[in-house]
Amino acid sequence: MTEYGSFPGARPRRLRTTPAMRRMVAETRLHPADLILPAFVREGITEPIPIQAMPGVVQHTLDTLRKAAVEAVDAGVAGIMLFGVPEDAKKDGAGTAGTDPDGILQVAIRAVKEEVGDELVIMSDLCLDEYTDHGHCGVLDAEGRVDNDATLERYAEMAQVQADAGVHVVGPSGMMDGQVGVIRDALDQTGHEDVSILAYTAKYSSAFYGPFREAVGSSLRGDRKTYQQDPANSRESLRELALDLAEGADMVMVKPAGPYLDILAKVAESVDVPVAAYQISGEYAMIEAAAEKGWIERDRAILETLTGIKRAGAHMILTYWATEVAKGL
């Protein structure tokens, strides 16, 4: 008589035996429609400029931005998040280039809208940091501190000009108290009720933003620790979440993604609106740099990180690999 007691009663490995089996029972699946492509467009250039800290990513001209948008549509990517990079001479203390109807971001929105229409969800960064000569996300008071309420007035103006340019979604990323409510009111009062708000609900003061500052030509002096969240805090994110939803956020975001998967999971479990996560420049740069040295398998690492972000609860992922990954899916 065969003795069975010494054998495992269950063998989970049966469901890992072949690629087809693993694919069939996979609990988390990436899809091109999960992905959003962040893109930088720079004023006054005739050729795209490579970003040294982000191999494969460029500051676009308007023409190459149009091509990138078409390529994203063809790959099945859901959206594009646009960041404007103005000429240095146009930066000032109030970030007026950010509310100029003919500022680079508004011109870029119109260009992408003209090129792809509604085939791609066109999103815009609603923040002053790219346009201020001090590099902060708001206007400064007499003592050099970011003035929350004065900044909100500027955000209301930005929302209007971006919506006038044809954006589908605005992404207020400055972490000012009350920003979502002020922007919602500004949009509704100017006939832009259909423009959605993707709230940067949990945006942490992170060391991983470094390459992004090269990408947008940041003029930052000091740091943003008085308005971005402290990496040590978790409950604070849920408070920010409740406020953003009460003020009218249509979607919410956690940024960065990889170092804050616990926060992402808590947010995703707490809401009934779509949740986004931003795989930021430093996350991108680490993988590209390690892969270049042959220390990791690039393509596997990219997919593993994106799968982890989705598994943690993200419905949408902003990633600089969006078009590349979408093509492979």
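Data block above holds the structure.
Moving on, we come to the pattern of salt bridges. Per the counting criterion, the structure on display carries 17 salt bridges. The salt bridge involving Arg145 is made with Asp141; its shortest N-O contact spans 3.1 Å. The partner of Arg145 in a salt bridge is Glu143, with the nearest N and O atoms 3.5 Å apart. Through salt bridges with shared partners, a single network forms among Glu288, Arg298, Asp299 and Glu324.

This paragraph deals with the layout of surface pockets. In this structure, the largest pocket encloses a volume near 730 Å³. Residue lining of the largest pocket: 20 residues in total, with Thr28, Leu30, Leu303, Glu304 and Thr307 positioned closest to the centre. Secondary structure elements with two or more residues in the lining of the largest pocket: helix H1 (19-25), helix H10 (298-311) and helix H11 (322-328). The greatest single-element share of the lining of the largest pocket, amounting to 7 residues, is contributed by H10. In the lining of the largest pocket, the residues fall into 8 nonpolar, 3 polar and 9 charged. Looking at the second largest pocket, its volume works out to about 330 Å³. What lines the second largest pocket is a set of 19 residues, and nearest its centre among them are Leu37, Gly56, Val57, Tyr320 and Thr323. Broken down by secondary-structure element, the contributors of at least two residues to the lining of the second largest pocket are strand E1 (35-42), strand E3 (58-60), helix H2 (62-75), helix H9 (281-292) and H11. The element that contributes the greatest number of residues to the lining of the second largest pocket is E1, accounting for 4 residues.

The subject of this paragraph is the environment of Val254. Residue placement: Val254 occurs in strand E8 (residues 251-255). Distance in space between the C-alpha atoms of Val254 and Tyr204 is 8.3 Å, their sequence separation being 50 residues. Dropping the residues within four chain positions of it, Val254 is found in contact with Ala202, Tyr260, Ile263, Leu264, Val267, Ala276, Ala277 and Tyr278.

Right, let's get into unusual backbone geometry. Across residues other than glycine, the phi torsion is negative in most instances, and most of the peptide bonds are trans. Residues Lys255 and Pro256 are joined by a peptide bond in cis, for which omega reads -5 degrees. With respect to the helices and strands, Pro256 occurs in the loop between E8 and helix H8 (261-270). Positive phi, normally seen in glycine, also occurs at Met175, with a value near 60 degrees. Within the element layout of this structure, Met175 appears in the loop between strand E6 (169-172) and helix H5 (179-189). By relative accessible area, which is 7% here, Met175 ends up buried.

What follows is about helix H3 (residues 104-116). For H3, built from 13 residues, the straight-helix expectation of 18 Å at 1.5 Å per residue is met to within 8% by its first-to-last C-alpha distance of 18 Å. Along H3, the residues that are buried comprise Ile104, Leu105, Gln106, Ala108, Ile109, Ala111, Val112 and Val116. The inward-facing, buried residues of H3 abut E1, H2, strand E4 (79-85), strand E5 (121-126) and helix H4 (148-165).

We now examine a positive patch on the surface. A cluster of basic side chains, namely Arg11, Arg13, Arg14 and Arg16, defines a positive patch on the protein surface. Topologically, Arg13 is positioned in the segment before H1.

Nonpolar side chains collect at one region of the surface, where Leu15, Met24 and Val25 lie side by side and expose about 280 Å² of accessible area between them. Inspection of the secondary structure assignment puts Leu15 in the segment before H1. Classification of Leu15 by relative accessible area gives partly exposed; the value is 45%.

Under the definition given, this model contains 1 cavity of 30 Å³ or more. Residue lining of the largest cavity: Phe83, Asp125, Asp129, Glu130, Ser173, Lys203, Tyr209, Phe212, Arg213, Arg224, Gln228 and Lys255, and that is the complete set. Within the lining of the largest cavity, the residues separate by chemical class into 3 nonpolar, 2 polar and 7 charged.

Taken as a whole and judged by the stated rule, the model has 0 disulfides. In this structure Cys127 is a free cysteine whose sulfur lies 3.4 Å from that of Cys137, the closest cysteine sulfur available. For Cys127, a relative accessible area of 1% puts it in the buried group. Here Cys137 falls in the buried class, since its relative accessible area comes to 1%.

Definitions and limits used
Residues numbered from 1 in each chain as written. Predicted model: local features only at pLDDT ≥ 70, side-chain atom pairs only at ≥ 80, totals over all residues. Heavy atoms only, no water. Salt bridge = Lys/Arg side-chain N within 4 Å of Asp/Glu carboxyl O. 1 Å grid on protein atoms, 1.4 Å probe; cavity = no way out; pocket = protein on both sides within 12 Å on 5 of 7 lines; lining within 4 Å. Points joined across faces, edges and corners; volume = space filled by probe spheres on them. Helix = DSSP H or I, 4+ residues; strand = E, 2+ residues; numbered from the N terminus. Nonpolar A, V, L, I, M, F, W, Y, C, P; charged D, E, K, R; others polar. Contact = heavy atoms within 4.5 Å. Buried < 20%, exposed > 50% of the residue type's maximum accessible area, 1.4 Å probe, protein only. Expected span 1.5 Å × (residues − 1). Patch = residues over 30% accessible without salt bridge, like charges linked within 9 Å, V, L, I, M, F, W, Y side chains within 5 Å. Areas by Shrake-Rupley, 256 points an atom, 1.4 Å probe, with all protein chains shown as cover. Lys, Arg positive; Asp, Glu negative; His and termini not counted. Charge placed at Lys NZ, Arg CZ, Asp CG, Glu CD. Disulfide = S-S within 2.5 Å.

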